[in-house]
Every structure is written in structure tokens, then in C-alpha cells.
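# Summary of the model geometry
Listed here are the chains, written in short residue letters.
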Amino acid sequence: MAVEQTEVQALVDSAERVAAFTGAGISAESGIPTYRGDDGVWNKYDPAKYAEIGNFLADPAYYWSFFREVRYPVLRNARPNPAHLALARLEQQGKLSAVITQNIDGLHQEAGSEKVLELHGNTRRISCLGCGMGYSLDQVHHRLEEKFPPDCPACGGVLKPEVVFFGESLPMEVLDDAVEETRSCDLFLVVGSSLVVQPAASLPPLAVESGARLVIINRDPTPLDRLAHLVLHEKASDVLGPLIGLPD
Ligand code: NAD
């Protein structure tokens, strides 16, 4: 690990424009389970059901039960970990141009990252499908204590998290911006993604084709490891924390 750590440091030091691509693994150490984890409570609810747009519209109560029992308690307590903080610091130092993320937990922003391209939206923002009014996690949690499933206090419409559900399109503008960042960086840092879903699987090859070095930091092997200049099967915070002087 010490050798690879030095190598990551050298690659970051010599890069002029770093783009980071993050997935569920970067937030695992903040207490947010990945889909592919073994956490029993999370697995009690089926993402294919609560996060599929047709199923959601047919039965919003299933999603809001998941929210009440699992998502809200997890998000309320989750704080950015050294890996989120390191990426924010690299941006503040003018090294990193953007974090492209599949995550919907808002922890990059909480860590201080400014340019966060959220490919799948953000589950902390909730809005009414009827009138468009926006609500926070706490407001909706409060609402569902009095009315279940919670509806819009303003118009009675259906509330939905501002997340891209299965069956919905990715936000084109965000995706275009992500492609642009991928093309224009000289170091593409993947952190905590299995790189199996799109567009996650297509961005690292695009970075390499465009001349960037690719570093993959992921606990388990990914199908794109063979493309990378450097692969670390380590915990994200163990690798990124020391970059900003936090002990590993
Ligand atoms: P994934 O669940 O497919 O893969 C996560 C990867 O993280 C795994 O390959 C695992 O080896 C790795 N990992 C686990 N702990 C790690 C750690 N401490 N350090 C480094 N790596 C670690 O994740 P994905 O590729 O992001 O795809 C899953 C989908 O699920 C995404 O679309 C995402 O939107 C959604 N999701 C998001 C969150 C979140 O917002 N925090 C949580 C779960 C799922």
C-alpha cells in the first residue's frame, strides 16, 4: 500500500486537471450501504421496486416506507468521510475540476465540493410532482408522521425525491458536462464504483481515449481495471485521506 500511495500522490501532484468519478463505495465509510452490500435492513426493500418509476407511481407508499425505515435514519446520521473531504480539498487547491457522481446522498456538497455533477439526482431534495414545491428530508419526515404516504402540504400532490428512478432518463445537461470534464482532464480518478452500470462503464474508457491517466480506487476488482494506469483495491479513505494529510 505504501508504494501505491506514493504513486497516487505523484500522479495527483503532476496532474493539471483531475476529474473524479465516484460511486456508492465512497460513502460506505459514512455508513451508507452499497446496493451490493450485505446489509440486511437495506436488502429488505427491493430497489427494483421502490426506485422504478412505474412502480413508484402505482404505489408511492412502498418508497415512503423504505424512506421512513431505512433511508431517512441513514442519511440523517451520515457525514462526509476523509475521501469526500480529500476531493473537496483538491478542488479548493485548483487541482480538481469536478466530481462526477452516481451517488444521490449529497455528501460531496456537504464536504465542500462545489462542482458536483449528479448523474442520478439527489435524494435529499424532494419535490411535488403536481406543483413543483420543494421540501427537505426533515420536512417530509415530519409530514409523514401526520399523513402516510406523505403528500404535498401545498396542493396534495405526490411527493417524489429528485432522483433518477429506473425507467427515467439521465439529465442530459449533467451528462454532457460529465463527458466534457472526462475529455478535458489529464487524470481520471474512479473512487468506489463497480463500474458496471452506464454511464459509469463508458466514462473511464473515454478518459483514457482522450489521453488521461486512469486510477481506480475500489475495494473489489472492476471490469475496467485492465485499462487503468494504477489500481488500488483499498478503502477510499485509506487512499485519499493521506493526500490531504489525514493519517491512513
Ligand atoms: P456499486 O454498489 O455497484 O459498487 C460499489 C463499489 O464500491 C463496489 O465495487 C465495492 O467494491 C466498492 N466499495 C465498497 N466499500 C468501499 C470503500 N470503503 N472504499 C472503496 N470502495 C468500496 O456502486 P455504484 O457503481 O455507484 O452503482 C450503484 C448505484 O446505486 C448507483 O447508481 C448509485 O446511484 C446507487 N447508490 C447510491 C448510494 C449513495 O448515494 N451513497 C448508495 C447505494 C446505491
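Residues numbered from 1 in each chain as written. Predicted model: local features only at pLDDT ≥ 70, side-chain atom pairs only at ≥ 80, totals over all residues. Heavy atoms only, no water.

### Details of the side chain of Thr-22
Mapping Thr-22 onto the fold places it in strand S1 (residues 18–22). A polar atom in the side chain of Thr-22 sits 2.7 Å from the side chain of Thr-101. (Helix = DSSP H or I, 4+ residues; strand = E, 2+ residues; numbered from the N terminus. Polar contact = N/O pair within 3.5 Å; in protein donor to acceptor, adjacent residues only side chain to side chain.)

### Overview of the nonpolar core
Grouped together as the largest cluster of nonpolar side chains are 27 residues, with contacts concentrated most on Tyr-63, Trp-64, Phe-67 and Leu-159. Taken together, the elements giving at least two residues each to this core come down to helix H4 (53–58), helix H5 (60–77), strand S4 (121–128), helix H8 (137–146) and strand S6 (159–163). A per-element tally of this core places H5 first, with 8 residues. With residues near it in sequence (within four places) discarded, Trp-64 still touches Phe-56, Ile-126, Val-140, Leu-144, Phe-148, Pro-149, Pro-150, Leu-159, Lys-160 and Pro-161. Ranked by size, the runner-up nonpolar core spans 25 residues in total, among them Ile-26, Ala-86, Leu-87 and Ile-244. (Core = buried A, V, L, I, M, F, W, Y, C linked by side-chain atoms within 4.5 Å. Buried < 20%, exposed > 50% of the residue type's maximum accessible area, 1.4 Å probe, protein only. Contact = heavy atoms within 4.5 Å.)

### Observations concerning a nonpolar patch on the surface
A cluster of nonpolar side chains, Leu-57, Leu-129 and Val-158, forms an exposed patch at the surface whose accessible area comes to about 260 Å². Looking at the secondary structure, you find Leu-57 in helix H4. (Patch = residues over 30% accessible without salt bridge, like charges linked within 9 Å, V, L, I, M, F, W, Y side chains within 5 Å. Areas by Shrake-Rupley, 256 points an atom, 1.4 Å probe, with all protein chains shown as cover. Salt bridge = Lys/Arg side-chain N within 4 Å of Asp/Glu carboxyl O.)

### Notes on the sheet that holds S6
Pairing is antiparallel across the open sheet formed by 3 strands, whose spatial order is S5-S4-S6. Every other strand in the sheet has two partners, leaving strand S5 (134–135) and S6 as the edge strands with one partner each. Across 2 bridges, the pairing between S4 and S5 is antiparallel. In the sheet register, Ser-127 faces S5, and the bridge partner there is Gly-134. Against the sheet, H5 makes contact with S4 and S6, and its axis sits at roughly 135° relative to S4, the strand it touches most. (Pairing = 2+ DSSP bridges. Axes fitted to C-alpha atoms, helices over the stretch in contact; angles between N-to-C directions.)

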